[in-house]
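Read off the chains here:
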Amino acid sequence: QLATRSEVFVVDLLAIGADHAAAARFRRALDRALCAEGVQVLGFACKGDLAQLERSGWLAGRSRGEIAPRDLQSEASAAGYGVSRRQPGLKSLVAQLLGSALDKSLTLSDWAARPLSDAQIEYAAADAWVLLPLADALATLAPPPSPPPPRLR
């Protein structure tokens, strides 16, 4: 998934991977987009996703090994969001910082089955789009209040 402030793109890599010419065009376009001046790559717990994209050959050229995304989960965790030293989830952060509900009911749906359902595509689009306002919120909000210190006796 790729999102801008005005558009979201959900690209089915399994579907276009079978078409070698389309896959090559997409690799070149992705490389240009990810390495363009002023582009900020956002992710949420994305280290594994990037590694998978590299292993499967989707990142090529300048973008291979060169992408340093702003991982919003790590940022939120460092700012004190999350529960008892656990990494915060996307759904809970969206609720806390944006006051919105993010439907995560399709997380465990069959993402290998083709074609993807309209609901799966909408789910994937929402996951990408919500990172933009979430990044804005993390950049401007103060960390959550600290619990009071324990009383000395």
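Residues numbered from 1 in each chain as written. Predicted model: local features only at pLDDT ≥ 70, side-chain atom pairs only at ≥ 80, totals over all residues. Heavy atoms only, no water.

### Description of the confidence of the model for the protein
Reasoning step 1: Overall, the prediction assigns the protein a mean pLDDT of 88, with 91% of residues at 70 or greater.
Reasoning step 2: Considering each helix and strand of the protein separately, the mean pLDDT is smallest for helix α3 (residues 47-55), with a value of 86, and largest for helix α6 (residues 118-129), with 97. (pLDDT = per-residue confidence, 0-100. Helix = DSSP H or I, 4+ residues; strand = E, 2+ residues; numbered from the N terminus.)

### Side note on unusual backbone geometry
Residues apart from glycine generally show negative phi values, whereas peptide bonds are mostly found in trans.
Reasoning step 1: The amide bond that connects R114 to the next residue, P115, takes the cis arrangement and shows omega of 0°.
Reasoning step 2: Here the phi dihedral of A45 falls at roughly 50°; this positive angle occurs in a residue that is not glycine.

### What to know about the layout of surface pockets
Reasoning step 1: In this structure, the largest pocket encloses a volume near 1,700 Å³.
Reasoning step 2: Lining of the largest pocket is provided by 46 residues; of these, Q1, L2, D49, L53 and A128 occupy positions nearest its centre.
Reasoning step 3: Of all elements in the fold, only β1 (2-3), α1 (13-17), α2 (20-34), β3 (42-43), α3, α6 and α7 (131-140) reach the threshold of two or more residues within the lining of the largest pocket.
Reasoning step 4: Of the residues contributing to the lining of the largest pocket, the split by class is 32 nonpolar, seven polar and seven charged. (1 Å grid on protein atoms, 1.4 Å probe; cavity = no way out; pocket = protein on both sides within 12 Å on 5 of 7 lines; lining within 4 Å. Points joined across faces, edges and corners; volume = space filled by probe spheres on them. Nonpolar A, V, L, I, M, F, W, Y, C, P; charged D, E, K, R; others polar.)

### Considerations on the environment of E7
Reasoning step 1: Inspection of the secondary structure puts E7 in the loop between β1 and β2 (8-9).
Reasoning step 2: Using a relative accessible area of 43% as the deciding quantity, one classes E7 as partly exposed.
Reasoning step 3: The sequence separation of E7 and A125 amounts to 118 residues, and the corresponding C-alpha distance is 9.4 Å. (Buried < 20%, exposed > 50% of the residue type's maximum accessible area, 1.4 Å probe, protein only.)

### Remarks on the pattern of salt bridges
Reasoning step 1: As enumerated under the stated definition, the model contains four salt bridges in all.
Reasoning step 2: R70 is paired through a salt bridge with E75; the nearest N and O atoms lie 2.6 Å apart.
Reasoning step 3: Judged by relative accessible area, which is 19%, R70 ranks as buried.
Reasoning step 4: On the basis of relative accessibility, which here comes to 28%, the residue E75 falls in the partly exposed class.
Reasoning step 5: In this structure, D127 engages K104 in a salt bridge whose closest nitrogen and oxygen atoms are separated by 2.9 Å. One end of the pair, D127, is in helix α6; the other, K104, is in the loop between α5 (90-98) and α6, with 23 residues separating them in the sequence.
Reasoning step 6: Among the residues examined, K104 registers a relative accessible area of 23% and is labelled partly exposed. (Salt bridge = Lys/Arg side-chain N within 4 Å of Asp/Glu carboxyl O.)

### What about a nonpolar patch on the surface?
Reasoning step 1: Among the surface-exposed residues, V8, V10, I121 and W129 lie close enough to one another that they form a single nonpolar patch of about 300 Å² accessible area.
Reasoning step 2: By relative accessible area, which is 31% here, V8 ends up partly exposed. (Patch = residues over 30% accessible without salt bridge, like charges linked within 9 Å, V, L, I, M, F, W, Y side chains within 5 Å. Areas by Shrake-Rupley, 256 points an atom, 1.4 Å probe, with all protein chains shown as cover.)

### Some thoughts on the packing of aromatic side chains
Reasoning step 1: Tallying each qualifying case throughout the model produces two aromatic pairs.
Reasoning step 2: On the basis of an interplanar angle of 70° and a centroid distance of 5.9 Å, the ring pair of F26 and W58 is categorised as edge-to-face. Residue F26 is found in helix α2, and its partner W58 is found in the loop between α3 and β4 (70-71); the two are separated by 32 residues along the sequence. Just as F26 is buried, W58 falls in that class too.
Reasoning step 3: On the numbers, 5.6 Å between centres and 45° between planes, the contact of W111 with Y123 is tilted. Pair noted here: W111 is in the loop between α5 and α6 and Y123 is in helix α6, with a separation of twelve residues, a long-range link.
Reasoning step 4: The ring of W58 is capped by R27, whose NZ or CZ atom sits 4.6 Å from the centre of that ring. (Phe/Tyr/Trp six-rings, centres within 6.5 Å; stacked < 30°, edge-to-face > 60°. Lys NZ or Arg CZ within 6 Å of the ring centre and 35° of its normal.)

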